Amino acid sequence: MNHITFDRSNAKFPIPEVVTSFINGQSIVADNHGERLPAMCPSTEDTVSFLREADKAEVDAAVQAAREAFDKGPWPRMSMDERKRVMHQIRDVLLANIDEVAYLETLNAGITHGHTRGFHGPRMAWNFEFFAEVASQAAGEAYTQTKPYLSIVTREPIGVGALIGPWNAPIALCTMKIASCIAFGNTCVLKPSEFTPLSLRRVVELIHKTDIPKGVVNLVNGRGQVTGDALVSHPGVDVVSFTGGTTTGRAIAARAGQNLKPVALELGGKSANIVTASANLERALDGSLLAIYSNNGQQCLAGSRILVEKKIAAEFIDKFVKRSQQIIVGDPFEAKTQIGPLAYEAHMKRVLSYVDIAKSDGAELLTGGKRHTGFKKGYFIEPTAVLAKNNGARVCQEEIFGPFATFVTFEDIDEAIAIANQSEFGLVGYVWSEHLPTVMKVSQAIRAGTIWVNTPLTRELRAPFGGYKNSGIGRDSAHDCMTFFTEAKTTTIPLQDFPMAKWGA
Ligand code: NAD
C-alpha cells in the first residue's frame with residue numbers, strides 16, 4: 001500500500017505557515033484576530049498551512065485600496081504601452097517562478113504536477129500576455145450618419161472588480177480574471193477558494209515584484225459566506241466576476257443586483273458527450289476518457305454524460321471500462337500519475353455518494369465506485385462509470401464534479417440531441433462523428449455555449465466561453481472581457497454650426 005508523505009522541512013519550496021490577505025502592495029500580518037482555517041494536502045491529509053480569514057473590515061480595506069488606486073492612482077491613467085510593459089513583466093516573473101507556483105498548486109489542490117506545470121502554469125503567464133495584447137488592440141467606434149454630427153464611442157475602465165474563483169483550477173482561472181480585469185485599466189480584489197489559498201497567495205506576491213502600482217491587485221482569503229459575501233456586497237465594488245457553482249452563482253447575482261452591479265457568472269455543467277456510430281471510435285474513446293477524467297474529473301467543462309449510439313454501445317462501453325481500470329491513480333507529483341486525489345474530504349464523500357444515488361435510480365455500476373484501496377491516506381477514488389437507465393436519473397442531471405462518468409444510450413441522432421438538451425445546464429457539448437451533416441445538426445441543435453467536434457477540452461481564449469441556461473451569464477473571450485470590464489461612453493460633436501432655436505430671445 002502506498003503511503004505518500006509530506007515533510008515541511010523537506011518541502012521543495014517554502015510554504016507559509018499562515019496565508020493572509022495582500023492589500024495595497026503589502027502582506028497583512030497574521031495576528032490573532034479572524035478565523036483560522038486549515039489548508040490541506042489532499043494526497044496526505046496533512047494540514048500544510050493555515051488561512052487567516054479576512055473579515056468585513058479587512059475586505060473593506062482591500063476594496064478601499066483598489067478604489068484609491070483606481071480613482072487616484074497611475075494605473076488607469078498610464079499609456080497602454082506602459083501598462084502592457086508591466087503586464088509583460090508579470091508574465092515573465094510568473095514564468096520564472098512557474099515551478100514553485102505549480103508545486104504549491106499540486107500540493108494544495110491535488111491536480112497532477114504534469115497538469116499544473118505543463119498546462120495551468122503556462123496558461124497563468126499567458127493570460128497576462130494575451131489580455132495585454134487584447135487591450136492594446138481595442139478600438140472605439142465612430143458614427144457619422146447623423147449630419148452634421150460625429151459621435152465617437154470610447155471605452156473606459158469600469159472601476160474596481162470583485163473577482164471570485166473556485167478550487168478546481170485556481171491559477172489558470174483566477175489569473176485570467178486578474179489579467180482580463182486589470183488590462184483595461186481597472187483595479188481588483190481577488191478572493192480565491194478557501195480550499196486552495198496557497199498558489200494564488202504566491203502569485204499575488206510575485207505580481208508585486210514588477211512595476212505594478214500598489215492597490216491594483218489585492219487579495220483577500222476566506223470562506224464564501226464571510227469574506228466572499230463581504231466583497232460582493234461592498235458598495236465600492238463596480239463589477240463582479242464569478243466562477244463557481246450554480247447555487248453560489250444565484251446568491252452572488254442576487255447580492256450584486258442589490259447594488260446594481262454587473263455580474264458575469266461562469267457556473268456548472270453536465271455536458272453531453274455524444275458518440276455516434278459514424279465516429280472514429282478509437283479517437284472518440286481517447287477523447288471521452290480525457291473529457292471526463294482529466295483534472296481529476298473536477299472540471300466544469302467535463303464530458304460527464306456520455307451518450308452512445310445503441311449499435312456501438314456495448315463495445316464502446318466495454319473498452320471505456322477496461323481503459324478506466326488501467327488509469328494510473330496516485331501521487332500527483334509523480335510524472336506517470338493520470339488522476340490525483342480529489343480536492344478535499346467532504347467533496348470526495350459527495351462524489352462517492354452518487355454511487356448509491358445511481359443504484360437507487362436503477363443504474364448499473366460499470367467500474368470503480370469506491371475509495372481507492374492502494375493508499376493509506378489521501379482522497380483517492382477509483383475512476384468510476386455507471387450506465388443510467390435514462391436521462392432522468394440524478395447522475396444524468398446533477399453535476400458530480402469528479403472522475404465519474406455516466407453513460408446513456410440512444411437510438412438515433414434526434415434522440416441524442418433531445419437527451420443532450422434535457423438538462424438545466426448548457427456549458428459545452430461534444431460530438432464524435434466523421435459525417436458532416438450529423439456534426440452540423442448537433443452543433444446547431446445543442447443549447448450550450450461551446451461545441452467540441454471530434455476533440456476534447458480545446459479552449460480558444462479568443463472565442464467566447466460560457467454557459468446557456470443555468471451554466472452562467474456572460475462570456476469570457478477577448479471581446480467579451482473588453483465589454484464586461486469597460487464602460488462605453490458616447491461623445492457627440494457637431495462638425496459645423498447648425499440652426500439652433502433661440503428660446504427666450
Ligand atoms: P463554489 O460555488 O462553492 O465556490 C466558488 C467560490 O465562491 C469560492 O471562492 C467560494 O468561497 C465563493 N463563495 C461561496 N459562497 C459565496 C457567497 N455567498 N458570496 C461570495 N462568494 C462565495 O464552487 P467550487 O466548489 O469552488 O467550484 C466548483 C464549481 O465551479 C463547479 O460547479 C464547477 O462547475 C464550477 N466551475 C465553473 C467554471 C466555468 O468556467 N463555467 C470553471 C470552473 C469551475
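Above this text is the structure in question.
This text gives an overview of the structure that appears in the document. Everything numeric here is computed off the predicted structure, so don't read it as measured data.

### Some details on the overall build of the chain
Looking only at helices and strands, one finds 15 helices and 23 strands in the chain. Relative to a compact globule of 505 residues, whose C-alpha radius of gyration would be 23 Å, the chain shows 24 Å and is just as compact. Here the chain, with 505 residues, has 56% of them falling under the buried criterion. At a minimum sequence separation of 6, the contacts of the chain that also span at least 24 residues come to 73%. For the chain, the accessible surface area stands at approximately 21000 Å², while carbon and sulfur atoms represent 52% of it. A distance of 1 Å separates the average location of the 52 positive side-chain charges in the chain from that of its 53 negative side-chain charges.

### Some points on the sheet that holds strand 1 (residues 18-19)
Across the sheet, three strands lie side by side as 1-5-4; this open sheet has mixed pairing. Of all strands in the sheet, those bounded by a partner on one side alone are strand 1 and strand 4 (36-41). Pairing of strand 1 with strand 5 (residues 46-52), which is carried by two bridges, proceeds in the parallel orientation. Pairing of Val-19 across the sheet is with Leu-51, part of strand 5.

### Looking at the pattern of salt bridges
For the coordinates displayed, the defined rule picks out 30 salt bridges. Close ionic contact of Arg-85 with Glu-82 constitutes a salt bridge, the shortest N to O distance being 2.9 Å. One end of the pair, Arg-85, and the other, Glu-82, are both in helix 2 (residues 80-96), three residues apart, so they sit about a helical turn from each other. Exposure remark for Arg-85: the relative accessible area of 36% places this residue in the partly exposed category. In this structure, the salt-bridge partner of Glu-309 is Lys-311, at a minimum N-O distance of 3.8 Å. Beyond isolated ion pairs, a larger network of salt bridges with shared partners links Glu-100, Arg-201, Arg-202 and Glu-205.

### Observations concerning the side chain of Ser-304
Tracing the backbone shows Ser-304 in the loop between helix 9 (281-293) and strand 14 (305-309). What Ser-304 contacts, discounting residues up to four positions off in sequence, is Lys-270, Ser-271, Ile-292, Phe-404, Ala-405 and Thr-406.

### Looking at the packing of helix 13 (residues 413-421) against helix 14 (residues 436-445)
Helix 14 packs onto helix 13 with a crossing angle of 25 degrees between their chain directions and a minimal axis gap of 10 Å. Taken as axis vectors, helix 13 and helix 14 run roughly parallel relative to one another. Here helix 13 and helix 14 pass one another in a crossing that is right-handed. Between helix 13 and helix 14, the residues in contact are Ile-413, Asp-414, Ile-417 and Asn-421 and Thr-438, Lys-441, Val-442 and Ala-445, respectively.

### Let's talk about the site of the ligand
As a matter of local geometry, the ligand sits amid 27 residues, with Gly-165, Glu-194, Thr-248, Leu-267 and Glu-399 nearest to it. Between the ligand and Gly-245, the relevant distance is 2.8 Å, taken from an oxygen atom to a main-chain nitrogen or oxygen of the residue. Expressed as a share of its isolated accessible area of 850 Å², the protein-covered part of the ligand is 88%. Here the element with the most residues in the shell around the ligand is helix 7 (residues 224-233); it accounts for three residues. Of the residues in the shell around the ligand, the class split is twelve nonpolar, ten polar and five charged.

### As for the packing of helix 9 against helix 10 (residues 310-326)
It is at 11 Å that the axes of helix 9 and helix 10 come closest, and there the two elements cross at 50 degrees. Overall, the two elements helix 9 and helix 10 adopt an arrangement that is oblique. The chirality of how helix 9 crosses helix 10 is right-handed. Side by side, helix 9 and helix 10 meet where Leu-281, Glu-282, Ala-284, Leu-285, Asp-286, Ser-288, Leu-289, Ile-292 and Tyr-293 of the first sit next to Ile-312, Phe-316, Lys-319, Phe-320, Arg-323 and Ser-324 of the second. Of the residues assigned to the contact of helix 9 with helix 10, the class counts are nine nonpolar, two polar and four charged.

Conventions used here
- Residues numbered from 1 in each chain as written.
- Predicted model: local features only at pLDDT ≥ 70, side-chain atom pairs only at ≥ 80, totals over all residues.
- Heavy atoms only, no water.
- Helix = DSSP H or I, 4+ residues; strand = E, 2+ residues; numbered from the N terminus.
- Rg over C-alpha atoms; globule rule 2.2 N^0.38 Å.
- Buried < 20%, exposed > 50% of the residue type's maximum accessible area, 1.4 Å probe, protein only.
- Contact = heavy atoms within 4.5 Å.
- Areas by Shrake-Rupley, 256 points an atom, 1.4 Å probe, with all protein chains shown as cover.
- Lys, Arg positive; Asp, Glu negative; His and termini not counted.
- Charge placed at Lys NZ, Arg CZ, Asp CG, Glu CD.
- Pairing = 2+ DSSP bridges.
- Salt bridge = Lys/Arg side-chain N within 4 Å of Asp/Glu carboxyl O.
- Axes fitted to C-alpha atoms, helices over the stretch in contact; angles between N-to-C directions.
- Parallel < 35°, antiparallel > 145°, perpendicular 65-115°, else oblique.
- Left-handed = near helix turned anticlockwise from the far one by under 90°.
- Near = heavy atom within 4 Å.
- Polar contact = N/O pair within 3.5 Å; in protein donor to acceptor, adjacent residues only side chain to side chain.
- Nonpolar A, V, L, I, M, F, W, Y, C, P; charged D, E, K, R; others polar.

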